[in-house]
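Descriptive analysis of the structure
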Amino acid sequence: MVVDNIPSRISKALDRRRSQRGFVEQLVAAQTALESDFEALVGALEESERSVRALSNRTSNQTKFADSISALLSGSERGHMGSCGDLRRRLAEAGDLVSSVQHRVQRDTVNLGVVGTTKSGKSTLLRTITGLPESVIPSSAHNPTTAAPSRIYHVTGEFTATVDLHNWGSFRDSYLTGLHHASGLDPVPTTAAEFRGYRYPPLTKVYGDQRYVDKLRIAQATFAGYEGLLHRSEPLHLTQFDLRPYVAYPLDAGSTEESRPYHAVKSVRIEHRFPNLNVRDLGLIDLPGSGEAGLDVDKQFLNQLKNEVDLLLMVKRPTAKDAFFTTEDDNTLDSADAARGGVGLNDFVIVIINPDLVSQHPEAFKNALSTIKERVKLRGIRVAVSDVSVATSAMDNVMHPALEHLATRLAEMDRAAVGLALDVVNGVSTDLRILADRLVEEVENWQAGLPDQEQLLVDRAEKLRDALGRGLRDLRDDYDRRVAAGDTDAELTQGIKTATEEARAWINGGFGRGSRQIWLDELHNAIAVRGPEVRQNEYNSARAEVARIFGRIDLSLEAAVRRLWEEIAEKLRVRLTDELVPNRPDALPQLELTARTRRAQFLSPAISELLQLKVNYGSIVLRVTRPILRNIRYDSPQFSGVPGGIVKDAAKAAAGVAADSVGAALGSPIPVSGFLTENDWWAQSSAPSQGAPHGSPVSGGWTANTLTDEIVRNVDACIADLEKALLAEARLMPRTLAAAVDLFFDTAMESDKSEYDYVRLCGPIRQEVWPGDFDGGAAQVAAGLSAIEAGARKLSAAVDGLQNLGLGLRLNTPPTPTAVFEDRIA
């Protein structure tokens, strides 16, 4: 058989499997949403029935309402859909399929599960394939194996064995509970101390239920030897020479003197290089047989088949006298049939006949082969023959054909598994939509029988809207009064004041140097070395610092907007309760989400628009401050009438103390006849100096005193302009906020039929909003109807999401199936 290309084909098949992970994760999320929304709807139905039946003065109509819900829950009125319990069961089954598919596509290996009855040769086959000794894969010659599952992976590195351990809780649930129930001993010990002191019947040689008691007695007698493992938080890492007591009974199976650490073992992962195999990404799963009485291995076996196995190898070892195919074998195939998840049994199971006990009896072998083939033929399962103790036979007749089969069929098997999961989920979702649509229809019919309550809800919603409008008008009027009085926004004004003071303090502190004198010292030396570059750098530095300081004003704007949001939320909270408008910073976003979910068509967009106020208003830093800050440049012509360059009357500028210079610093205009370029500025060497040493010209140019006077004058004038422009913005802010309140009021309150927003918004919690009007039975019915309708619509949306996902499913077309075992049956 040509097997050289099997590794690359399996690698490609696994790549195709990985490509399905994104879709399967979406399927998992859609299935989870479906289950969650269904349970929420059932909860709403059950709560409605319970609350109405609890009414002491229940009317006949209310009783009919409760009976109708009961019929819907039980399924007596829904024909083929069955009860909600049936739908819940079908959803759980669909969830199991989806979970299995998720495990499947997450696997990075192809896994062969190996199962066989006691003394069938299963362990021998595993040892032959892996090359591992009996200390790692014990033989069942004396029934020494345990139910702890082993997973063996083909790797290129050294041998490793990782032993995952139980804690007390999982040991109790997986080991003690099954044995206690099987032996009729209740209650199950809840703590380790109770287990140590439990009085079990004495050990006997009697079979039947006593075998379960025997296991419990041995587990109790040897508890001290493995109790510490149950408290260990990390797995064990063992060599192949130390592993046996963790995966097998002692040779004297009845002894209570030896330590039995296998009790604490949850699972074992072994990594080892398999001889004679060049396929990477391969795992062998040693599946438990039914020999472990009372340990619920059937459930464990089924779960492993679903979640871990791509191909099941079922080892049979016929003898001249047995029935060749037993009830236990049928049970194994039934489990495989239940776990295959859409994959054909002919793809999922191979029966391996180990002929060593009948090889010298041709007639017995022929009968065994014929009987086994006949029993599995109707299931489409194929049969192979191999002496599992011989490496060449195991490779040629089992492993190579099995790997060839997976290389050829894995993509189609994955497709079938995903396709079945999707079909099953879609099937139950179709009935869930029928349920949801039926409930929406029923709600409308039920609501028709409550005209007075519903009209009362509309009346109360209209009055509530008017009251909310009155509160919003009051808030708007308050802002209008501030505008009329010329008030500025408090937060913004304080932010402007703080920025202005900080900027001027920075100037007075020598532009961040600590003092004017330190700044002069630095400039005196710098001008001598770098010349004109110094002036440009100082302007750039000043512009960056002033920008940083005034950049924080946007935070003050945000504070003003947030204050408005809080004021509006408080006005709404008074009438709508904390449930709709929670008393926390995200009150309005939460209200908008609820309004949108409950189809409040005016309120939801009104809140959304209000929450965009900061974005719509824009950044003050970009809109107001940046244009002014751009004038802090060495070549800027002027701002506020103050020269940005150097006045050609250099002597006047150098003096820096004349009255008109002081006036310039305060914003008074200075006549400007022209501005110097950088070279002109540097060429002014005739200017008089003001003191030594910084008053003396350096390198033929202006002095440090002259430069600092100029920059201080210009930057201070820029700050004055910023303060003036920003204060104008602060006076505009109340008008903007008033307009925002006005727009919110017009959209949420003044729109035609806006009262129905509050019907839909407050209907589900009408008792909390209007406790004096909706505290009786009719109110409970109406509230229940609203909750049922909301739940039904949400479930319909979840069904839409799932079915839309199915429409987008794209899977690769698999290769044509190829049978690879036919020539191995001989």
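Bear in mind the structure is a predicted one, so any value in this text is a computation, not a measurement.

Parameters and conventions
Residues numbered from 1 in each chain as written. Predicted model: local features only at pLDDT ≥ 70, side-chain atom pairs only at ≥ 80, totals over all residues. Heavy atoms only, no water. Helix = DSSP H or I, 4+ residues; strand = E, 2+ residues; numbered from the N terminus. Buried < 20%, exposed > 50% of the residue type's maximum accessible area, 1.4 Å probe, protein only. Contact = heavy atoms within 4.5 Å. Areas by Shrake-Rupley, 256 points an atom, 1.4 Å probe, with all protein chains shown as cover. pLDDT = per-residue confidence, 0-100. Pairing = 2+ DSSP bridges. Axes fitted to C-alpha atoms, helices over the stretch in contact; angles between N-to-C directions. Parallel < 35°, antiparallel > 145°, perpendicular 65-115°, else oblique. Left-handed = near helix turned anticlockwise from the far one by under 90°. Polar contact = N/O pair within 3.5 Å; in protein donor to acceptor, adjacent residues only side chain to side chain. Nonpolar A, V, L, I, M, F, W, Y, C, P; charged D, E, K, R; others polar. Phe/Tyr/Trp six-rings, centres within 6.5 Å; stacked < 30°, edge-to-face > 60°. Lys NZ or Arg CZ within 6 Å of the ring centre and 35° of its normal. Expected span 1.5 Å × (residues − 1). Bend = angle between axes of the 7 residues up to and from the residue.

**Remarks on the overall build of the protein**
In terms of regular secondary structure, the protein is built from 31 helices and 11 strands. Counting every position in the protein, which comprises 826 residues, the buried fraction comes to 51%. Taking the contacts inside the protein whose residues are at least 6 apart along the sequence as the reference set, 78% of them involve residues at least 24 apart. Within the structure as shown, the protein displays about 36,600 Å² of accessible surface, and the carbon and sulfur contribution to it stands at 50%.

**Observations concerning the confidence of the model for the protein**
Mean pLDDT for the protein: 80, with 82% of residues reaching 70 or above. A low-confidence stretch, residues 695-700 stays under pLDDT 50, and its non-local contacts, those more than four residues away or across chains, total 19 contacts.

**Side note on the pairing of strand β6 (residues 282-286)**
The buried count for β6 comes to five of five residues, which makes it a mostly enclosed element. On β6, burial covers both faces: Leu 282, Leu 284 and Asp 286 on one face and Gly 283 and Ile 285 on the other are all buried. In this structure, strand β1 (residues 110-116) lies alongside β6, joined through five bridges in parallel fashion. Note on β6: the bridge partner recorded for Leu 112 is Leu 284.

**Considerations on the packing of helix α24 (residues 620-629) against helix α28 (residues 704-748)**
What describes two packed helices is the angle between their axes and the distance between those same axes. Between α24 and α28, the shortest axis-to-axis distance is 9 Å and the interhelical angle comes to 155 degrees. Between α24 and α28, the crossing angle belongs to the class labelled roughly antiparallel. For the pair α24 and α28, the sense of crossing is right-handed. Listed contacts from α28 to Ile 620, Arg 623, Val 624, Thr 625, Ile 628 and Leu 629 of α24 are Cys 718, Asp 721, Leu 722, Ala 725, Leu 726 and Glu 729.

**Things to note about the side chain of Asp 489**
Mapped onto the elements, Asp 489 comes out in the loop between α16 (451-484) and α17 (490-508). According to the relative accessible area criterion, Asp 489 is buried, its value standing at 2%. A polar side-chain atom of Asp 489 sits 2.5 Å from a polar atom in the side chain of Arg 563. Ignoring anything within four residues of it in the chain, the contact list for Asp 489 reads Ala 560, Arg 563, Ala 730, Met 733, Pro 734 and Leu 737.

**Overview of the packing of α17 against helix α20 (residues 553-580)**
With their axes 8 Å apart at the nearest point, α17 and α20 run at an angle of 165 degrees to one another. One element, α17, and the other, α20, form an angle in the roughly antiparallel class. Remark: the crossing between α17 and α20 carries right-handed chirality. Side by side, α17 and α20 meet where Glu 491, Leu 492, Gly 495, Ile 496 and Ala 499 of the first sit next to Ile 553, Ser 556, Leu 557, Ala 559, Ala 560 and Arg 563 of the second. For the contact of α17 with α20, the class distribution of residues is seven nonpolar, two polar and two charged.

**Here's the deal with the environment of Ile 6**
In this fold, Ile 6 is placed in helix α1 (residues 6-18). Between the C-alpha atoms of Ile 6 and Thr 408, which are 402 residues apart in sequence, the distance is 8.9 Å. Those residues in contact with Ile 6 that sit more than four places away from it in its chain are Val 279, His 400, Leu 403, Glu 404 and Ala 407.

**Observations concerning unusual backbone geometry**
For the bond running from Asp 186 to Pro 187, omega is 0 degrees, close enough to zero to count as cis. By the secondary structure assignment, Pro 187 is in the loop between α6 (168-183) and α7 (192-196). In this model, Thr 577 sits at a positive phi of 75 degrees, which is unusual for a non-glycine residue. Along the chain, Thr 577 turns up in helix α20.

**Looking at the sheet that holds strand β5 (residues 265-272)**
In spatial order, the strands read β4-β3-β5-β2-β6-β1-β7-β8-β9; together these nine strands make up an open sheet with mixed pairing. The two strands at the open ends of the sheet, each matched to only one other strand, are β4 (236-238) and β9 (382-385). For this sheet, the mean angle separating the axes of adjacent strands, direction not counted, is 25 degrees. Alignment of strand β3 (residues 160-165) against β5, held across six bridges, turns out to be antiparallel. The residue of β5 that forms the bridge with Ala 161 is Ile 270.

**Considerations on the packing of aromatic side chains**
Following the criterion strictly, the structure yields 14 aromatic pairs and no others. Residues Phe 171 and Tyr 175 carry aromatic rings whose centres are separated by 5.6 Å and whose planes lie at 15 degrees to one another, so their mutual orientation is stacked. Taken together, the residues span about one helical turn, with Phe 171 and Tyr 175 both in helix α6 at a distance of four residues. A relative accessible area of 9% places Tyr 175 in the buried class. Among the aromatic residues, those joined into a cluster by ring pairs are Trp 168, Phe 171, Tyr 175, Phe 195, Tyr 198, Tyr 200, Phe 223 and Tyr 226. Taking NZ or CZ as reference, Arg 269 lies 4.0 Å from the ring centre of Tyr 153, over its face. Looking at Arg 482, its charged tip hangs above the ring of Tyr 479, at a distance of 4.2 Å from the centre.

**Digging into α28**
Between its terminal C-alpha atoms α28 stretches 63 Å, which fits the 66 Å expected from 45 residues at 1.5 Å a residue. When the local axis directions of α28 are compared, the greatest deviation, roughly 30 degrees, occurs at Leu 732, which is followed within four positions by the proline Pro 734.

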